[in-house]
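A structural walkthrough
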Amino acid sequence: MAPTLNIPDTEKPRVVIIGGGFGGVSIAKGLVNRKDFQIVLLDRQNYHTFQPLLYQVSTSSLEPESIAYPLRKIVKKGKNTFFRMAEVASIDTDKKAIFTNIGNINYDYLVIATGARTNFFGNKVIQQNAMRMKSVPQALKLRSLMLENLEQAVITPNPELRKELLNFVIVGAGPTGVELAGGLAELRAHVLPRDYPDMDFLEMKIHIIESADRILPPMSPKASKNAEKFLKKLDVEIHLNTMVTNYDNHLVETNTDLKLKAATFVWSAGVTGAPIQGISKDVLVERANRYKVNEFNQINGFNNIFAIGDIALMKTDDYERGHPMVAQPAIQQGKHLAKNLLALHKGGKMKPFKYFDKGSMATIGRNKAVVDINKLRFGGFFAWFIWMFIHLIFLVGFRNKIITLFNWLYNYINFDKASRLIITPYKAKEYKDVV
């Protein structure tokens with residue numbers, strides 16, 4: 001079958017990369033200047049998203065262009081590299097064919113780096129009604145919803161409706177939930193009272209609900225304790241050992257006596273892999289929706305199909321459930337696989353992947369963060385500085401780094417958020433999930 005994505009025929013082995021997240025960008029960078037392969041990068045968006053800072057788009061600290069980077073700029077340096085904005089529908093592993101919404105293409109090597117989507121654990125009602133924050137469109141919808149609720153709250157004469165509009169509920173106290181709660185709390189403390197001088201912000205409540213017995217469960221107990229202390233200083237209400245069972249008509253129901261009426265409800269309680277149709281379900285870990293891979297990131301049963309990042313589950317002695325679904329494993333696996341493909345092409349042997357854990361971190365607002373690096377534990381201003389430095393380093397693009405740094409400095413000096421704009425009004429009936 002001839003390729004139909006307007007990709008030229010080639011005698012070189014063709015490497016097709018599905019997904020422009022951390023893993024896909026990492027391997028593309030590793031191969032882009034090589035003449036050994038033809039590289040084709042596919043993604044449904046034409047940009048890479050720096051997901052750790054999505055919450056800052058939602059809370060008006062940054063505009064989307066600060067954390068998004070054109071994928072074409074990543075591949076443009078290579079003469080044998082191509083990008084196509086396409087949504088992959090399925091794969092035929094026998095014919096080595098990929099079927100997309102804009103055409104079909106063959107591959108010699110296939111790298112699946114499709115990442116993860118929000119996990120609702122089978123709760124269809126919550127999935128239909130909750131906001132999520134895995135993409136730029138979702139972050140912008142959340143920002144619009146929160147600002148629209150504030151605009152409505154300032155004019156309503158009904159105290160019960162105003163309370164509902166000023167209730168913000170975040171489900172899941174991992175880094176995403178904790179950082180979003182901290183960002184909202186800083187807005188409430190320093191910014192919104194100046195925007196809405198005729199509204200009493202003692203009525204604005206921020207709730208974070210976690211089913212575990214502590215916040216930031218993946219991090220150290222010390223980090224959890226410090227983060228909880230920081231959140232309580234910001235007057236965030238924390239509900240532990242509590243599982244949300246339903247959210248409908250703005251009513252949050254749980255497995256305890258806790259019930260809340262909230263117009264803003266954000267689900268950040270988990271993620272699940274985003275597999276592609278066509279690869280046998282026998283190689284999927286069903287609960288996690290991740291492909292089983294060996295130490296070379298080859299999907300079990302295939303020599304020429306690889307999976308990296310969140311979609312890959314590589315069991316090791318240190319990671320019996322696979323590597324954590326965060327950026328670093330994807331980045332490291334992408335770099336490593338690029339070297340392995342070059343070795344394989346030259347007749348050499350591939351080297352097994354070994355993950356280097358660079359630590360975990362989360363910020364809870366100005367001068368407040370927690371960092372775990374090996375056995376070292378940091379909290380407060382120094383941890384916050386480390387968090388900022390690391391995130392700036394890993395942002396893709398020099399322009400993005402400069403814009404983000406400028407915004408952070410401006411926000412820090414002026415206690416202000418520059419992006420409190422409702423560009424596209426949110427309407428629940430028009431909301432569709434973007435993964």
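Residues numbered from 1 in each chain as written. Predicted model: local features only at pLDDT ≥ 70, side-chain atom pairs only at ≥ 80, totals over all residues. Heavy atoms only, no water.

**Brief notes about the overall build of the protein chain**
The following threshold applies: Strands are runs of DSSP state E lasting at least 2 residues, helices are runs of H or I lasting at least 4, and numbering of each runs from the N terminus. Radius of gyration here uses only the C-alpha atoms, and the compact-globule reference equals 2.2 Å multiplied by the residue count raised to the power 0.38. For each residue, the accessible area found with a 1.4 Å probe, counting protein chains only, is set against the maximum for its type, and the residue is called buried under 20%, exposed over 50%, and partly exposed in between. Whether two residues are in contact is decided by their heavy atoms: any pair within 4.5 Å suffices. Accessible areas in this description were obtained via Shrake-Rupley with a 1.4 Å probe; residue shielding takes into account the shown protein chains only. When charges are counted, Lys and Arg contribute as positive and Asp and Glu as negative, whereas His and the chain ends are disregarded. Lys charges are placed at NZ, Arg charges at CZ, Asp charges at CG and Glu charges at CD.
Assigned secondary structure in the protein chain consists of 11 helices and 25 strands. Here the C-alpha radius of gyration of the protein chain, 22 Å, is about what a compact globule of 435 residues would show, namely 22 Å. Seen through its principal axes, the protein chain has C-alpha atoms that stretch 70 × 45 × 45 Å. Each of the 435 residues in the protein chain was classed as buried or not, and the buried ones make up 54%. Across the protein chain, contacts joining residues at least 24 apart in sequence account for 65% of those joining residues at least 6 apart. If you sum the accessible surface of the protein chain, you get close to 20700 Å²; carbon and sulfur atoms cover 52% of it. Each charge class in the protein chain was averaged separately, 57 positive and 40 negative side chains, and the resulting centres sit 7 Å apart.

**A word on the pairing of strand β17 (residues 264-267)**
For clarity, the threshold we go by: Two strands are counted as paired when DSSP detects at least two bridges linking them.
Every second residue of β17 is oriented toward a common face, with Thr264 and Val266 on one face and Phe265 and Trp267 on the other, all of them buried. Sheet topology places strand β11 (residues 167-171) next to β17; 4 bridges connect them, and they run parallel. The residue of β17 that forms the bridge with Phe168 is Thr264.

**Quick notes on a nonpolar patch on the surface**
Here is the rule we go by: Residues form patches when they are more than 30% accessible in relative terms and have no salt bridge. Like charges link within 9 Å. Nonpolar side chains (Val, Leu, Ile, Met, Phe, Trp, Tyr) link within 5 Å. Only one rule defines a salt bridge in this text: a Lys or Arg side-chain nitrogen within 4 Å of an Asp or Glu carboxyl oxygen.
On the surface, a nonpolar cluster with roughly 810 Å² of combined accessible area is contributed by Phe381, Phe385, Phe389, Ile393, Leu405, Leu409, Tyr412 and Ile413. Among the elements of the structure, α10 (381-394) and α11 (398-414) are those that each provide at least two residues to the nonpolar patch. Positionally, Phe385 belongs in helix α10. A relative accessible area of 45% means that Phe385 is categorised as partly exposed.

**Here we look at the sheet that holds strand β9 (residues 109-112)**
Note the cut-off: Lines fitted to the C-alpha atoms define the axes, with helices restricted to the stretch that makes contact. Angles between their N-to-C directions range from 0 to 180 degrees.
Pairing within the open sheet is parallel, and its 5 strands lie in the order β5-β2-β1-β9-β21. Two strands bound the open sheet, and with one partner strand each, they are β5 (81-85) and β21 (305-307). For this sheet the average axis-to-axis angle between neighbouring strands, irrespective of direction, equals 15°. Two strands pair when backbone bridges link them, and β9 and β21 are joined in this way by 3 bridges, in the parallel orientation. Paired with Val111 across the bridge in β21 is Phe306. Strand contacts of helix α1 (residues 22-31): β1 (14-18), β2 (38-43) and β9, with the helix running at about 155° to β1, the strand carrying the most contacts. Across the sheet, helix α9 (residues 327-345) touches β1, β9 and β21, and the angle it forms with β9 is around 170°.

**Some words on a positive patch on the surface**
Together, Lys29, Lys73, Lys76, Lys77, Lys335, Lys339, Lys351, Lys358 and Arg399 give the surface a local cluster of positive charge. The residue Lys358 is located in the loop between α9 and β23 (360-365) in this model.

**Remarks on the nonpolar core**
Condition: Think of a nonpolar core as a cluster: buried Ala, Val, Leu, Ile, Met, Phe, Trp, Tyr and Cys residues, connected wherever their side-chain atoms sit within 4.5 Å.
Of all hydrophobic cores here, the largest spans 68 residues; its most connected members are Leu53 and Val370. Apart from residues no more than four positions distant in its own chain, Leu53 is found in contact with Leu62, Ile67, Trp387, His391, Leu395, Thr404 and Trp408. Judged by nonpolar contacts, the second largest core, of 30 residues, contains Leu5, Tyr107, Val283 and Ile305.

**Some points on empty space enclosed by the protein**
Inclusion rule: Cavities and pockets were defined on a 1 Å grid built over protein atoms only: a cavity is a set of grid points that admits a 1.4 Å probe from which the probe cannot escape, a pocket is an open set flanked by protein on both sides within 12 Å along at least five of seven lines, and lining residues are those with an atom within 4 Å of any such point. Grid points are joined across faces, edges and corners, and a volume is the space filled by probe spheres set on the points.
Summed over all chains, the structure comprises 1 cavity of 30 Å³ or more. Put simply, the parts of the chain that give the lining of the largest cavity at least two residues each are α5 (136-153) and α7 (175-195).

**Quick notes on the confidence of the model for the protein chain**
Quick note on the threshold: For every residue, the predictor assigns a confidence score, pLDDT, that lies between 0 and 100.
Per-residue confidence for the protein chain gives a mean pLDDT of 92; residues scoring 70 or more make up 97%. Throughout residues 428-435 the model reports pLDDT below 50, and contacts reaching past four residues in sequence, or to other chains, amount to 15 contacts.

**Quick notes on the packing of α10 against α11**
Put simply, the rule reads: Roughly parallel refers to an angle under 35 degrees, roughly antiparallel to one over 145, roughly perpendicular to one between 65 and 115, and oblique to any angle outside these ranges. Helix crossings fall into two classes, left-handed where the near helix is turned counterclockwise from the far one by less than a right angle and right-handed where it is turned clockwise.
Interaxial distance between α10 and α11 falls to 9 Å at its minimum, and their mutual angle equals 155°. If you check the angle between α10 and α11, you find them roughly antiparallel. Judged by the twist between their axes, the crossing of α10 over α11 is right-handed. Of α11, the residues touching α10 (which contributes Trp384, Trp387, Met388, His391, Leu392, Ile393 and Phe394) are Lys401, Thr404, Leu405, Trp408 and Tyr412.

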